[in-house]
Amino acid sequence: MARKVTNIIYSFVRKRLAGQAPKGIITRLPESDQIEQGMQQIFKQLKDGGLNPVSADKIIKTEDDLLRVIEEINQKKIARTEAIKQR
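Residues numbered from 1 in each chain as written. Predicted model: local features only at pLDDT ≥ 70, side-chain atom pairs only at ≥ 80, totals over all residues. Heavy atoms only, no water.

Caption draft 1: Local environment of the packing of helix 1 (residues 3-18) against helix 4 (residues 63-85). Between helix 1 and helix 4, the shortest axis-to-axis distance is 9 Å and the interhelical angle comes to 80°. Classified by the angle their axes make, helix 1 and helix 4 are roughly perpendicular. Of the residues in helix 4, those in contact with Ile-8, Ile-9, Ser-11, Phe-12, Lys-15 and Arg-16 of helix 1 are Glu-63, Leu-66, Leu-67 and Ile-70. Here the contact of helix 1 with helix 4 is built from residues that sort into six nonpolar, one polar and three charged. (Axes fitted to C-alpha atoms, helices over the stretch in contact; angles between N-to-C directions. Helix = DSSP H or I, 4+ residues; strand = E, 2+ residues; numbered from the N terminus. Parallel < 35°, antiparallel > 145°, perpendicular 65-115°, else oblique. Contact = heavy atoms within 4.5 Å. Nonpolar A, V, L, I, M, F, W, Y, C, P; charged D, E, K, R; others polar.)

Encoded structure:
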């Protein structure tokens, strides 16, 4: 992935992991290995969704774009699963 997209994914994963603590507990920053694992999952998801580094760099400019793309990939996966079930 392009450097900018990698930075967006890093920031997105870091924020998501930091926000997972239950209410009333002080959140702490996630460990670097947790962030790396989360980033690898997103890279795999984007690849499985048909995005290569060039196309990802063109459509992912912000964390909101990343979230939208991930949601679109998830929706396509759900639609394929439903289509297989209906056969």
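Caption draft 2: Seen up close, the pattern of salt bridges. If you walk through the whole model with that rule in mind, you get four salt bridges. Between Lys-15 and Glu-63 there is a salt bridge whose closest N-O contact spans 3.2 Å. Residue Lys-15 is found in helix 1, and its partner Glu-63 is found in helix 4; the two are separated by 48 residues along the sequence. Judged by its relative accessible area of 22%, Glu-63 falls in the partly exposed class. A salt bridge links Lys-44 to Asp-48; its shortest N-O distance comes to 2.8 Å. Within this pair, Lys-44 and its partner Asp-48 are both found in helix 2 (residues 32-48), separated by four residues, close to a single helical turn. With a relative accessible area of 49%, Asp-48 lands in the partly exposed category. Linked by salt bridges that have partners in common, Asp-65, Arg-68 and Glu-72 make up one network. (Salt bridge = Lys/Arg side-chain N within 4 Å of Asp/Glu carboxyl O. Buried < 20%, exposed > 50% of the residue type's maximum accessible area, 1.4 Å probe, protein only.)

Caption draft 3: Up close: the layout of surface pockets. Put simply, the largest pocket is a space of about 200 Å³. Of all the secondary structure elements, the ones that give two or more residues to the lining of the largest pocket are helix 1, helix 2 and helix 4. Looking at which element gives the most residues to the lining of the largest pocket, the answer is helix 2, with six residues. (1 Å grid on protein atoms, 1.4 Å probe; cavity = no way out; pocket = protein on both sides within 12 Å on 5 of 7 lines; lining within 4 Å. Points joined across faces, edges and corners; volume = space filled by probe spheres on them.)

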